[in-house]
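Take a look at the letters that make up each chain.
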Amino acid sequence: MEAIGRPEAGGNGGGYLAERGWRSWAFTLDHKRIGAMYLWTTIFFFLVGGVFALLLRLELLSPQTRYFSNHAYNVFFTLHGSMMIFLFIIPAIPSGLGNFFIPLHLGARDVAFPRLNLASYWVFVAGFLVIIGSLVAPMDTGWTFYTPYSAKSAAAVTTLSLGLFLIGLSSILTGLNFIVTIHKLRAPGMTWHRMPLFLWSMYATSIIQVIATPVVGVTFLLLAAERLLGVGFYDPAKGGDPVLFQHFFWFYSHPVVYVMILPAMGIISEVIPVFSRKPIFGYKAIAYSSLAIAFLGFLVWGHHMFTSGMSPLANAIFSFLTFFVAVPTAVKVFNWIATLYKGSITFESPMLYALTFIFLFAVGGLTGPFLGALATNVQLHDTYFVVAHFHYTMMGGTVMGFFAGLHYWFPKMTGKMLNEKVARLAWALVFVGFNVTFFTMFIAGTRGMPRRYAEYLPKFHTENVISTIGSVVLAVGILVMCWNFFQGLRKGGPAPANPWRALSLEWKAASPPDTENFHEIPIVTEWPYGYGTPKA
């Protein structure tokens, strides 16, 4: 991408980080600072959610020995799921890395509505404070909040629903802001087909956020109305239908799977060509497959409910559509592998996480058809096979993509370099720990071990011990990674403006970028993937 002739001068002098004091953060309109606040907040909840996961694995070390009560176990897996889904995995890349890098990728000075952007963050904060307030009577329903139990539970369901409503409102405002920003603030010469693929993925993500999120907001409002006013929406005793809640919930939650994974796919599309030194293969196919995934994601919610009593015809239609949504996803994976083919590949830490994404996401994808097919779904429903598939897709996919993005853009965000040897050690621990933890769950699931149970039959003991050992290795790897980030912030060497020799616009700004991003708005004349040429 021909933008400005060389990286802008400066950097390592503080840039957008130069101003000090809490007011400079609390009232900032700078998209980079707002993105950084989202990152700190979501990473905190990722670590807290991880602690709950370790407590669950501790309890499952033995089929009978109890460290916690059944109620405490239910609370732990509810908090683990809720924090990981609503407070980490949904907002981390869109609101964190998206806020930071969308304007930089576009060649813009900020998002379209900076004040709305700041308001979105503080609405998000209000949401998680309300959720924390609900811990006075903690939820034990699981992160899906299925009725009729959630409509009758003595837990603070209404309070938690209000918190999630605010989190959803924040997500809608962020999505609206990004859509307008991508439409209106592209640098001169940046046509749609010269946009980085990260922007295409964020555009598709924002559409889902704006369309799908109101549905879950209404769902929780109806649940609150039933609990507070006695109106029968979901309780059969009041004339309601609990399956209606499931339809509403999954009409939102399945598209939101793509709010989680599409931004990570965008990161992978940026990292692969940089560390392969090759132009991305099938640019338009990858770009439009993001929109196809966003569209098809709204049509497949029923595959979560094959055992709920839907008609055979409805089951067959949802099964067919579920297989169909795999097509645009496979298009992306094929094009990433084709980009790697005959590339000059190097294995810096961002690339290691990107390759890990492709491998783990492929495993998650290839185990999806077993849950999309009616015959096998009924057998595997609510077993550990589902847990393994979900974690290979979401943690193996989204979280590995998030790690790739953090390592790739850390020099740009902080002006510091990471210790690459420590980063590779952390990656190795994460890779081994992840597979030991979750691949074992595929085996336990096919043998019939049900999920969400604090006790289990002794025949599943070996698999659970192996999974727990793997979770400890995974946790150590993540702690080593966090230590490396912390040391990088404190003692990392100064980062040049473009340490990876990448061609997209964010690398034309200083490291860290100035508050205004660019001294002059760049003019774009080429696409950002011209690797393998003399200029690159």
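Scroll up for the structure.
This write-up is about the structure you can find in this document. Keep in mind the model is a prediction, meaning the values are calculated, not measured.

1. Considerations on the overall build of the chain
Then, number 1: Scanning the chain for helices and strands turns up 18 helices and 0 strands.
Then, number 2: Out of the 536 residues in the chain, the part that is buried amounts to 59%.
Then, number 3: By sequence separation, contacts in the chain at least 24 residues apart represent 83% of the contacts at least 6 residues apart.
Then, number 4: Element-wise, carbon and sulfur atoms account for 71% of the exposed surface of the chain, whose accessible area totals about 20500 Å².

2. Re the environment of Met190
Then, number 1: Summarising the element assignment, Met190 is placed in the loop between helix H7 (157-184) and helix H8 (197-229).
Then, number 2: On a C-alpha basis, the gap between Met190 and Ile523 in space is 7.7 Å, while along the polypeptide they are 333 residues apart.

3. Some thoughts on the side chain of Glu226
Then, number 1: Looking at where Glu226 falls in the secondary structure, it is placed in helix H8.
Then, number 2: Despite its burial, Glu226 remains without a salt bridge, the nearest opposite charge being carried by Lys238 at 5.1 Å.
Then, number 3: Within the structure, the side chain of Glu226 is placed 2.8 Å from the backbone nitrogen of Phe233, a separation counted as a polar contact.
Then, number 4: Among all residues touching Glu226, those that are not within four sequence positions of it are Ala151, Val231, Gly232, Phe233, Tyr234, Asp235 and Lys238.

4. Brief notes about the packing of helix H5 (residues 114-133) against H7
Then, number 1: Following both chains from N to C, one finds H5 and H7 inclined at 165°, their axes separated by 8 Å at the closest point. With respect to each other, H5 and H7 are oriented roughly antiparallel. Seen along the crossing, H5 lies across H7 with a hand that is left-handed. Along its contact with H5, which presents Leu116, Asn117, Ser120, Val123, Phe124, Ala126, Gly127, Phe128, Val130 and Ile131, the element H7 presents Thr159, Leu160, Leu162, Gly163, Leu164, Leu166, Ile167, Leu169, Ser170, Leu173, Thr174 and Asn177.
Then, number 2: Along the lines of polarity and charge, the residues of the contact of H5 with H7 split into 14 nonpolar, 8 polar and no charged.

5. Quick look at the packing of aromatic side chains
Then, number 1: If you walk through the whole model with that rule in mind, you get 55 aromatic pairs.
Then, number 2: An angle of 25° between the planes, with centres 4.2 Å apart, marks the rings of Phe101 and Trp409 as stacked. Note that Phe101 is positioned in helix H4 (residues 92-106) and Trp409 in helix H16 (residues 384-414), a separation of 308 residues in sequence. Trp409 shares its class with Phe101; the two are buried.

6. Section: helix H3 (residues 70-89)
Then, number 1: Between its first and last C-alpha atoms H3 spans 27 Å; for 20 residues at 1.5 Å apiece the expected length is 28 Å, and the two agree.
Then, number 2: Where H3 bends most, at Met83, the angle is about 30°.
Then, number 3: The element H3 is extensively covered by neighbouring structure, given that 17 of its 20 residues are classed as buried.

7. Topic: a nonpolar patch on the surface
Then, number 1: On the surface, Leu54, Val472 and Val476 cluster together to form a nonpolar patch covering roughly 210 Å² of accessible area.
Then, number 2: In this structure, Leu54 sits in helix H2 (residues 31-59).
Then, number 3: By relative accessible area, Leu54 is classed as partly exposed at 32%.

8. Details of the environment of Phe385
Then, number 1: Relative to the elements of secondary structure, Phe385 occurs in helix H16.
Then, number 2: Phe385 gets classed as buried once you look at its relative accessible area, which sits at 6%.
Then, number 3: In sequence terms Phe385 and Thr41 are 344 residues apart; their C-alpha atoms lie 31 Å from each other.

9. Let's talk about the packing of helix H9 (residues 242-276) against helix H10 (residues 283-296)
Then, number 1: Here H9 crosses H10 at 175°, and the two axes come no closer than 11 Å. Put simply, H9 runs roughly antiparallel to H10. For the pair H9 and H10, contact is made by Tyr258, Leu262, Met265 and Ser269 and by Ile286, Ser290 and Ile293, respectively.
Then, number 2: Looking at the contact of H9 with H10, its residues break down into 5 nonpolar, 2 polar and no charged.

10. So, the nonpolar core
Then, number 1: If you look at the biggest cluster of nonpolar residues, it comprises 160 residues, and the most contacted ones within it are Leu97 and Phe357.
Then, number 2: Looking at this core, the element that brings in the most residues is H9, giving 19 residues.
Then, number 3: In contact with Phe357, other than residues within four places in its own chain, are Ile261, Ala264, Met265, Ile268, Trp336, Ala362, Gly396, Gly397, Thr398, Met400 and Gly401.

11. Looking at helix H12 (residues 326-340)
Then, number 1: When the terminal C-alpha atoms of H12 are compared, their 21 Å separation across 15 residues agrees well with the 21 Å that a helix rising 1.5 Å per residue should span.
Then, number 2: Among the residues making up H12, those that are buried are Pro328, Thr329, Lys332, Val333, Asn335, Trp336, Ala338, Thr339 and Leu340.
Then, number 3: On its buried face, H12 is in contact with H9, H10, helix H11 (312-324) and helix H13 (349-366).
Then, number 4: Taken from the residues just after H12, Lys342 is the one with a positive phi, measuring 65°.

12. Regarding the pattern of salt bridges
Then, number 1: Using the criterion set out here, one finds 5 salt bridges in the structure.
Then, number 2: Among the salt bridges present, the one from Lys152 reaches Asp235, with a minimum N-O distance of 4.0 Å. Pair noted here: Lys152 is in helix H6 (residues 149-152) and Asp235 is in the loop between H8 and H9, with a separation of 83 residues, a long-range link.
Then, number 3: Asp235 gets classed as buried once you look at its relative accessible area, which sits at 7%.
Then, number 4: Residues Arg451 and Asp382 are paired through a salt bridge, measuring 2.9 Å at the closest nitrogen-oxygen approach.

What counts, and at which threshold
Residues numbered from 1 in each chain as written. Predicted model: local features only at pLDDT ≥ 70, side-chain atom pairs only at ≥ 80, totals over all residues. Heavy atoms only, no water. Helix = DSSP H or I, 4+ residues; strand = E, 2+ residues; numbered from the N terminus. Buried < 20%, exposed > 50% of the residue type's maximum accessible area, 1.4 Å probe, protein only. Contact = heavy atoms within 4.5 Å. Areas by Shrake-Rupley, 256 points an atom, 1.4 Å probe, with all protein chains shown as cover. Lys, Arg positive; Asp, Glu negative; His and termini not counted. Salt bridge = Lys/Arg side-chain N within 4 Å of Asp/Glu carboxyl O. Polar contact = N/O pair within 3.5 Å; in protein donor to acceptor, adjacent residues only side chain to side chain. Axes fitted to C-alpha atoms, helices over the stretch in contact; angles between N-to-C directions. Parallel < 35°, antiparallel > 145°, perpendicular 65-115°, else oblique. Left-handed = near helix turned anticlockwise from the far one by under 90°. Nonpolar A, V, L, I, M, F, W, Y, C, P; charged D, E, K, R; others polar. Phe/Tyr/Trp six-rings, centres within 6.5 Å; stacked < 30°, edge-to-face > 60°. Expected span 1.5 Å × (residues − 1). Bend = angle between axes of the 7 residues up to and from the residue. Patch = residues over 30% accessible without salt bridge, like charges linked within 9 Å, V, L, I, M, F, W, Y side chains within 5 Å. Core = buried A, V, L, I, M, F, W, Y, C linked by side-chain atoms within 4.5 Å.

It is worth stressing that arrangement in space is one thing and function is another; only the former is reported here.
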